[in-house]
Amino acid sequence: TKFRVTRDKQWYQRRVRARCEELALQPRGTRGESGGQTGHTYDISNKHRLGYSEVQLVQTMIDGVNKLYEEDVELQKKMFEFPTIQSTHSLVAKHVTKEKWDKLCKHTTSTAGFTLAKAIACAVQFDNQHCGIYAGDWDSYKDFADVFDPIIQEYHGIKA
């Protein structure tokens, strides 16, 4: 019995392996146990295959997949909450307001699928950033201009 789940690579690497182990499941590539994967899609199957009845294995799979789904839904909700910026004296802390966050947090750039959360990740994670923002692609500058423009202007001492 197996179930296919599509998730971004970071989420898989950080969360799925450990969580599947706890749920008696095994994440694998889409080409079999050791055959690698296609894109960001992984197969999830039972970790145990021998010594259990088919009913037990199917129930383990159902319970595990339902739990992974519930946890994923909760993680997705948190993705759009206004972040706690650890670099409190950074330009990000000054210019990423709740209003700007709410306006831009669900947007992804068309070139690389970059988000505002990814752009400000270093200011959110570390307490020693001066600017605290990075553009993931050219579109970041125009798509997140409400944030990038004032930061760039202040950093370079430019008056708009």
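Criteria and thresholds
- Residues numbered from 1 in each chain as written.
- Predicted model: local features only at pLDDT ≥ 70, side-chain atom pairs only at ≥ 80, totals over all residues.
- Heavy atoms only, no water.
- Helix = DSSP H or I, 4+ residues; strand = E, 2+ residues; numbered from the N terminus.
- Buried < 20%, exposed > 50% of the residue type's maximum accessible area, 1.4 Å probe, protein only.
- Contact = heavy atoms within 4.5 Å.
- Phe/Tyr/Trp six-rings, centres within 6.5 Å; stacked < 30°, edge-to-face > 60°.
- Lys NZ or Arg CZ within 6 Å of the ring centre and 35° of its normal.
- Polar contact = N/O pair within 3.5 Å; in protein donor to acceptor, adjacent residues only side chain to side chain.
- Salt bridge = Lys/Arg side-chain N within 4 Å of Asp/Glu carboxyl O.
- Core = buried A, V, L, I, M, F, W, Y, C linked by side-chain atoms within 4.5 Å.
- Expected span 1.5 Å × (residues − 1).

Mapped onto the elements, Thr115 comes out in the loop between helix H4 (98-104) and helix H5 (116-119). Classification of Thr115 by relative accessible area gives buried; the value is 15%. If we ignore the near neighbours within four places in the chain, the residues touching Thr115 are His107, Thr108 and Phe144.

With that settled, consider the packing of aromatic side chains. Counted according to the given criterion, the structure contains 3 aromatic pairs. Relative to Phe148, the ring of Tyr141 has its centre 5.2 Å away and its plane inclined at 55 degrees; by these criteria the two rings are tilted. A relative accessible area of 3% places Phe148 in the buried class. Put simply, the rings of Trp138, Tyr141 and Phe148 pair up and form one aromatic cluster. When the ring centre of Phe80 is taken as origin, the NZ or CZ atom of Lys106, which lies over that ring, is 5.3 Å away.

The next point concerns the side chain of Asn46. Along the chain, Asn46 falls in strand E3 (residues 41-46). Within the structure, Asn46 has its side chain in polar contact with the backbone oxygen of Leu57 (distance 2.9 Å).

So, on to the pattern of salt bridges. With the rule as written, the count across this model stands at 8 salt bridges. With its nearest N and O atoms 3.0 Å apart, the salt bridge here joins Asp102 to Lys98. Of this pair, Asp102 and Lys98 both sit in helix H4, 4 residues apart, which is roughly one turn of that helix. Judged by relative accessible area, Lys98 falls into the partly exposed class, the value being 42%.

Judged by nonpolar contacts, the single largest core of 17 residues is most densely connected at Val92, Val96, Leu116, Ile120, Ile133 and Val147. Only helix H3 (91-95), H4, H5 and helix H8 (145-156) provide two or more residues apiece to this core. Looking at which element gives the most residues to this core, the answer is H8, with 3 residues. Those residues within four positions of Val147 in sequence are excluded, and the remaining contacts are Val96, Lys100, Leu104, Leu116 and Ile133. The next biggest cluster of nonpolar side chains, apart from the first, holds 8 residues, and it includes Leu23, Ile44, Met61 and Leu68.

Turning our eyes to something else, we now look at H8. With 12 residues, H8 ought to run about 16 Å at 1.5 Å a step, and its terminal C-alpha atoms sit 16 Å apart, in line with that. Those residues of H8 that fall on the buried side of the exposure criterion are Ala145, Val147, Phe148, Pro150 and Ile151.

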